[in-house]
Structures are given as structure tokens and as C-alpha cells.
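A look at the structure
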Amino acid sequence: MKKSISLLLLLLTLFACSDDKTETDTTGAYLISGKFVTPNGEDAISKAKIELFKEGLLLKTQMTNSLGEFSLEELTPGTYDIRLSKGLFSASRTVTIDDANDLLEIILETIAVTDLPNIAVVTGSYDHIEDVLYNIGLVNPETQEPLFDIIEGQNIFGRSQAEPHKSHGNSLSHMNRTTNSQLQPNVDFDFADLIESPDLLNSYDIIFLNCGLNESKIEFSNNLTNYVANGGLLYATDWAFAYLEDITNGGEDYIDFYQPIHSGTSLSTEAELLNEDLASWLSLNFEIELTDNTVTIDEFLSSWQVVDTYDTETVIPWLYGPVEYNGISESKYLAYTFLHDEGAVLYSSFHTENETDEATSVERLMQYLVFELSAMK
């Protein structure tokens, strides 16, 4: 009997000690916080995936907020690997939590994208998406050279189909070409070579078709369709719509382009943002004033391509505003994304005719949509 009482007292003492330890122990009280940004180290990346690993096991997954911020809570001492990604743009960090550390919050501050997809930009007369990519930091910090291929998209005549151009970038003069001297064609082939070669197309993760590129190669549009079906990501704006006619099956699938072509006449509109996170990202990060959740779109060509209808089951519209086209005044959707087999497409009726060093609201919209396109796969 005395032994039983002694054993009971011992157990009670042990449980009491365990309770005391729980009250003072910092196990599970640590957190790691930070901010995920573009390669320039400045612009927040919203809705990016944050994955936390310990000893190879995935412990937590969350998304960044509109400011690019994240906070991984209830962590114990140990070494953690953090994977940050927005589609094909990513970075990683390794963090060790020491139980001797008095600070319960480990602040990583800003983490910039370091791993980039393989990108091709085809030049055009009117659109400069390459400027957007350059300004968000897709550039060698030492040489200031772009970290993506720039392919001549206009001057593809007068050459042998068997031999691509050589060092032709800086000798060309085109209207409304980007004013950034670093953003000249930097590869020894042109758009004709690209679109004619499935292998060359498939060497890129994302291909950007600027408005005003040469339209003489539409017969090879099926190669772009296959490129997207195989997992490629394709951006096209305004007059580059001609290269989407194959993937849309002449308007039967995804989006249907209005006839007559190039009939848009509005040069500006107040467009409603159809995505709440996009609206928050614009206003919180860049102090862009949104009146009634609208933003000024003022980068239309004087005769731009209107989308007539879209498939509500397969296509995501991003902006909606009153415009004029072919003598008609009504509201139209102005930018779209859609999946096609393993890949995805971004199309917009407006684009970037930027002539200033500072990013405009339209450029910010395009920046956001580029990352959204990257994350669609």
C-alpha cells in the first residue's frame, strides 16, 4: 500500500513538472516573416506560394498578401528551407532557429526573385513589354543587359530562310522602338526563324508577342498553338491577335475577335478592375488612386483590336470599361487569360507605349498579369 501511494505521488510530481515546463517553454513559439519581391528588390509579388520544409518534409504552405508579405508561425528550433515562388519565378532561403535566441520572430525582410524562366520577347512597332520586364529587374546588375532574349519581330524580309540574321539589332530603325538602348534584339535569329521552328519555340518557357510585329508568318500559327498545348506560356497584345486565330479556332474557342479588325477608336477609358487582389496590389504598393475600383487605361493604339465575346467557362477577364469601336459606344472586356491544355495565354487590347522612365498604371497592370500568366500552369 505504501509503495502504491509513493508511486502515485511520484507520477503527480512528474505531471506537475511537465505542466510547469509547458508554461515557460518557447517550443512552437517562433515565427519567420518576410516579403517576396521582384528581381529589382522593390516590387511586391502578391499571391506567391510560400512553402516551408524541415528535413525535406513540407510543413506549411501559404500565400503572400497584396504587399508580398508572409509569416510562418508556431515553429520550433531547427533548420528550415523556405521556397518562394510565383509560377516560374522563384527564390529560396535556409533559416536556422536557435533555442538560445531571445528573439521569437526572425525577420527576413525582402527576398527577391533569383530563379527566372527562359523568356523570349518578339519586338513590335507599338508595344514594349520588354521595358516592363527590364524595369522589374530581369537585368544583369553589372552589365545592365537583359536576362531574356529579344528577337527581331519586324524586319524579317529579304533574307534566306535557311540563314538567320547576324548582329542586326542596333542597325535597325523602327518607329516607336523602345528608347532603352539595352533592349535591342540580342540573338542571331528573328521571329520567322522562331515561329517556323517547334524546337526553338519549345526552348522558351514564356514568349511575348508585341503589337506591331510582322504578320507575314500567320500560316505558322499552329506551331504557337502546339507550343502552348505543350506547356508554353504566350503573351500577345492588340494587333498580335492575328497569331491567336489558330488557338481560338477562329473565335469558336476562348475569345472571339471583332470584325472589322482594328476597329477600336477609344484612346482612353476608365476600366473596372475585376480582380480584388489586383486592385489591392495597385493601391497599396504604388499609391495608384482607384475611383470606384477603376483605373485609367490610356495605352490604346488609334485603331486597336476589339474582342467581341469570350467563353465564360474557360476565360478569365481582368478589366472592363466603356469604349468606342466601329461607331459603337459600349463597355467591353479588355484583357483576358485562359488555359490551353498544358499552357496558358494572356491577351490584352491595350499595351505599353511607355515613353517615360517611371512606370505608369498600365505598366503596373501588365507587370501583375505577367506574374499571373506565369502561375497559370
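In the block above lies the structure referred to throughout.
Let me begin by describing the structure that accompanies this report. Computed from a predicted structure; not experimentally measured. (Residues numbered from 1 in each chain as written. Predicted model: local features only at pLDDT ≥ 70, side-chain atom pairs only at ≥ 80, totals over all residues. Heavy atoms only, no water.)

With that out of the way, let us pick up the sheet that holds strand β13 (residues 269–273). One open sheet accounts for nine strands, arranged β9-β8-β10-β11-β18-β17-β16-β13-β14; its pairing is mixed. Whereas interior strands pair on both sides, the edge strands pair on one side only; in this sheet they are β9 (149–151) and β14 (294–297). With direction set aside, neighbouring strand axes in the sheet form an average angle of 20 degrees. Strands β10 (206–209), β11 (233–237), β17 (328–340) and β18 (343–348) of the sheet are contacted by helix α5 (residues 221–229), whose axis makes an angle of about 125 degrees with β18. (Pairing = 2+ DSSP bridges. Helix = DSSP H or I, 4+ residues; strand = E, 2+ residues; numbered from the N terminus. Axes fitted to C-alpha atoms, helices over the stretch in contact; angles between N-to-C directions. Contact = heavy atoms within 4.5 Å.)

Note: strand β16 (residues 315–325) against β17, 10 bridges, orientation antiparallel. Across the sheet, V323 pairs through a bridge with E330, a residue of β17. Taking the residues between adjacent antiparallel strands as the criterion, β16 and β17 are bridged by two residues, where N326 takes a positive phi near 50 degrees. Sheet topology places β17 next to β18; six bridges connect them, and they run antiparallel. Residue F338 lies in a different strand from β18, and its bridge partner there is V345.

With that settled, the discussion passes to the sheet that holds strand β7 (residues 105–112). If you trace the three strands from one edge of the open sheet to the other, you get β4-β1-β7, paired in mixed fashion. The open sheet terminates on both sides in strands that have one partner only, identified here as β4 (69–75) and β7. In this sheet, adjacent strand axes meet at a mean angle of 15 degrees when their direction is disregarded. One ladder, built from six bridges, connects strand β1 (residues 30–37) with β7; its direction is parallel.

With that settled, the discussion passes to the packing of helix α6 (residues 276–286) against helix α7 (residues 361–374). At a minimum axis separation of 11 Å, α6 and α7 run at an interaxial angle of 125 degrees. Comparing their axes, α7 and α6 come out oblique. At the point where α6 passes α7, the crossing takes the right-handed sense. Of the residues in α7, those touching α6 at D277, L278, W281, L282 and F286 are R364, L365, Q367 and Y368. (Parallel < 35°, antiparallel > 145°, perpendicular 65-115°, else oblique. Left-handed = near helix turned anticlockwise from the far one by under 90°.)

What follows is about a negative patch on the surface. Negative charge collects at one region of the surface, where E252, D253, D311 and E313 lie side by side. Here D311 shows up in the loop between β15 (307–310) and β16. Residue D311 is classed as partly exposed on the basis of its relative accessible area of 31%. (Patch = residues over 30% accessible without salt bridge, like charges linked within 9 Å, V, L, I, M, F, W, Y side chains within 5 Å. Areas by Shrake-Rupley, 256 points an atom, 1.4 Å probe, with all protein chains shown as cover. Salt bridge = Lys/Arg side-chain N within 4 Å of Asp/Glu carboxyl O. Lys, Arg positive; Asp, Glu negative; His and termini not counted. Charge placed at Lys NZ, Arg CZ, Asp CG, Glu CD. Buried < 20%, exposed > 50% of the residue type's maximum accessible area, 1.4 Å probe, protein only.)

Our focus in this paragraph is the nonpolar core. With 73 residues, the main nonpolar core has I119, F208, I297, L319 and F350 as its most contacted residues. Take this core: its biggest share by element is eight residues, from α7. Not counting residues up to four positions away in its chain, the partners in contact with L319 are A271, E272, L273, L274, V295, I297, K332, Y333, L334, A335, F350 and L365. In this structure, V187, L209, Y254 and Y336 belong to the second largest nonpolar core, which totals 34 residues. (Core = buried A, V, L, I, M, F, W, Y, C linked by side-chain atoms within 4.5 Å.)

All right, on to the environment of K60 then. Here K60 lies in strand β3 (residues 57–63). Using a relative accessible area of 28% as the deciding quantity, one classes K60 as partly exposed. Along the primary structure K60 and I50 are separated by 10 residues, whereas in three dimensions their C-alpha atoms are 8.0 Å apart. Residue contacts for K60: discarding those within four places in its chain leaves I50, E51, L52, L72, E73 and L75.

Another point: the pattern of salt bridges. For the structure on display, the rule yields six salt bridges. Connected via shared salt-bridge partners are K47, K86 and E372.

Here β13 shows one buried face, formed by T269, A271 and L273, and one open face, formed by E270 and E272. As paired elements, β13 and β14 share four bridges and run antiparallel to each other. Each bridged residue has a counterpart across the sheet, and for E270 the counterpart in β14 is T296. As defined by bridge partners, β13 adjoins β16 across two bridges and the pair is classed as antiparallel. Paired with E272 across the strands is Y320, a residue of β16.

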